[in-house]
Amino acid sequence: MSDFQNLFLNWPQVCLDDSISPVVLRTKFSVQEQPDNSNLRPILHPETKTSTDIEVPFQKDCGQDGICVPDLSVSFNFSGSKGLKLSPNFILNLTVKLENLGELAYEPAISFYYSSVMSFQGASLLQSNWPLFPACQMHGLPGNASVRHSSCRFRPPALKAGTQAFLRVSFRSSRGDAWPDKFVYFTIRAHSLNESNVKENNEATGRLPVLHPVNVIVKE
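Rules behind the numbers
- Residues numbered from 1 in each chain as written.
- Predicted model: local features only at pLDDT ≥ 70, side-chain atom pairs only at ≥ 80, totals over all residues.
- Heavy atoms only, no water.
- Salt bridge = Lys/Arg side-chain N within 4 Å of Asp/Glu carboxyl O.
- Helix = DSSP H or I, 4+ residues; strand = E, 2+ residues; numbered from the N terminus.
- Buried < 20%, exposed > 50% of the residue type's maximum accessible area, 1.4 Å probe, protein only.
- Pairing = 2+ DSSP bridges.
- pLDDT = per-residue confidence, 0-100.
- Contact = heavy atoms within 4.5 Å.
- Axes fitted to C-alpha atoms, helices over the stretch in contact; angles between N-to-C directions.
- Disulfide = S-S within 2.5 Å.
- Phe/Tyr/Trp six-rings, centres within 6.5 Å; stacked < 30°, edge-to-face > 60°.
- Lys NZ or Arg CZ within 6 Å of the ring centre and 35° of its normal.
- Core = buried A, V, L, I, M, F, W, Y, C linked by side-chain atoms within 4.5 Å.

**A closer look at the pattern of salt bridges**
Alright, step 1. For the structure shown, the criterion picks out three salt bridges.
Alright, step 2. Measuring nitrogen to oxygen at the nearest pair gives 2.6 Å for the salt bridge that ties Arg189 to Glu203. Residue Arg189 is found in strand E13 (residues 183-191), and its partner Glu203 is found in strand E14 (residues 203-211); the two are separated by 14 residues along the sequence.
Alright, step 3. Overall, the relative accessible area of 35% leaves Arg189 in the partly exposed class.
Alright, step 4. Here Glu195 and Lys199 are joined by a salt bridge, their closest N and O atoms 3.3 Å apart.

Here you go:
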């Protein structure tokens, strides 16, 4: 005389952004008050619990101890560029390689520190064996006008073991010819929520010559 009337899953309609928190499955039930041949109607006790939530965790490859210990590695090159041209039309592209040599990394991110003659233009994914979508922003560094800071986080917010990704990170010259140094400098750091010990391969540094414009006067 009674049956499950409403059964639904609290499940997103798109791909999950969060593959760390458990998925919540929610069930609800009720009875249909339809009399039987004896004209009896089913009812529920007022204290009956008519819904329940079940948490289903994601399977994580974290070894026998169940604790994920990632090992993020980052490196980069200047994509063949020989120097930074001090022109607002010049775009400098870095090719950044991000790897996870350890176990699952929670909330992975990359931070960029670079000479203030440049402005950050954004990042895009070139190639990856794991779906990644970078979301980047610029930051301020009070008290240090010679260095700028930007960072990129990723969706989904987890980087599985063995992930290898290549990104294009773009900068633009922002000060014309008013830069006195011979080089511009870059420091790139990879980090995650559950990698507490800083390793040598978490950071990469490099410098690039500045190509100052030269005015040539030709006299006849």
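**Some thoughts on the environment of Glu200**
Alright, step 1. Within the fold, Glu200 resides in the loop between E13 and E14.
Alright, step 2. We classify Glu200 as exposed; its relative accessible area is 77%.
Alright, step 3. Distance from Glu200 to Ser73, taken between C-alpha atoms, is 8.5 Å for residues 127 residues apart in sequence.

**Description of the sheet that holds strand E4 (residues 84-85)**
Hydrogen bonds between backbone atoms are what pair the strands of a sheet, whose relative direction is either parallel or antiparallel.
Alright, step 1. A sheet is described by the order of its strands in space; here six strands give the open sequence E4-E14-E13-E7-E10-E9, paired in mixed fashion. The open sheet is flanked by E4 and strand E9 (133-139), the only strands paired with a single partner.
Alright, step 2. Pairing analysis gives six bridges linking strand E7 (residues 109-115) to E13, with the strands arranged antiparallel. Bridge assignment links Ala109 to a residue of E13, and that residue is His191.

**Some words on unusual backbone geometry**
Alright, step 1. Pro156 follows Arg155 through a cis peptide bond whose omega is -5°.
Alright, step 2. When you line up the elements, Pro156 lands in the loop between strand E10 (147-155) and strand E11 (158-159).
Alright, step 3. Despite not being glycine, Ser79 has its phi angle at roughly 55°, a positive value.
Alright, step 4. If you trace the backbone, Ser79 turns up in the loop between strand E3 (72-77) and E4.

**Quick word on the confidence of the model for the protein**
Alright, step 1. On average, residues of the protein carry a pLDDT of 82, and 78% of them reach 70 or more.
Alright, step 2. Here residues 1-9 scores under 50 on pLDDT; set against residues more than four positions off or in separate chains, the count is 23 contacts.

**What about the sheet that holds strand E5 (residues 91-100)?**
Alright, step 1. Taken together, the four strands give an open sheet; going across it, the order is E3-E5-E12-E8, and neighbouring strands pair in antiparallel fashion. The outermost strands of the open sheet, each flanked by one partner alone, are E3 and strand E8 (118-128). For this sheet, the mean angle separating the axes of adjacent strands, direction not counted, is 25°.
Alright, step 2. Relative to strand E12 (residues 164-173), E8 runs antiparallel, the two sharing nine bridges. The residue bridging Ser124 from the neighbouring strand is Arg168, located in E12.

**Topic: the state of the cysteines**
Among covalent bonds in proteins, the disulfide is the one between the sulfur atoms of two cysteines.
Alright, step 1. Within the structure shown, the criterion is met by one disulfide.
Alright, step 2. One disulfide in the model links Cys136 with Cys152; its S-S distance is 2.0 Å. Its S-S torsion of about 105° marks the bond between Cys136 and Cys152 as right-handed, since a negative value means left-handed. Here Cys136, found in strand E9, pairs with Cys152, found in strand E10; they are 16 residues apart in sequence, far enough to count as distant.

**Overview of the packing of aromatic side chains**
Alright, step 1. In this structure the tally under the stated criterion is eight aromatic pairs.
Alright, step 2. Here the aromatic residues Phe76, Phe78, Phe112, Tyr114, Phe120, Phe171 and Phe186 are joined through ring pairs into a cluster of three or more.
Alright, step 3. The residue whose ring lies beneath Arg207 is Phe183, and the NZ or CZ to ring-centre distance is 3.9 Å.

**Regarding the nonpolar core**
Alright, step 1. Residues Leu84, Leu94, Val96, Phe112, Met118, Val184 and Phe186 are the most contacted members of the largest nonpolar core, which totals 34 residues.
Alright, step 2. At the level of elements, E3, E5, E7, E8, E10, E12, E13 and E14 are the ones that each hand at least two residues to this core.
Alright, step 3. Once residues lying within four places of it in the same chain are set aside, the contact partners of Phe112 are Val96, Phe120, Arg148, His149, Ser150, Ser151, Cys152, Val169, Thr187 and Ile188.
Alright, step 4. Counting residues in each nonpolar core, the second largest holds five residues, with Cys62, Leu104, Tyr106 and Ala158 among its members.

**Structural notes on the pairing of E7**
Alright, step 1. Among the seven residues of E7, six are classified as buried, and the element is accordingly described as predominantly covered.
Alright, step 2. Note that E7 and E10 share seven bridges and pair antiparallel. Residue pairing for E10: Tyr114 is matched across the bridge by Arg148.

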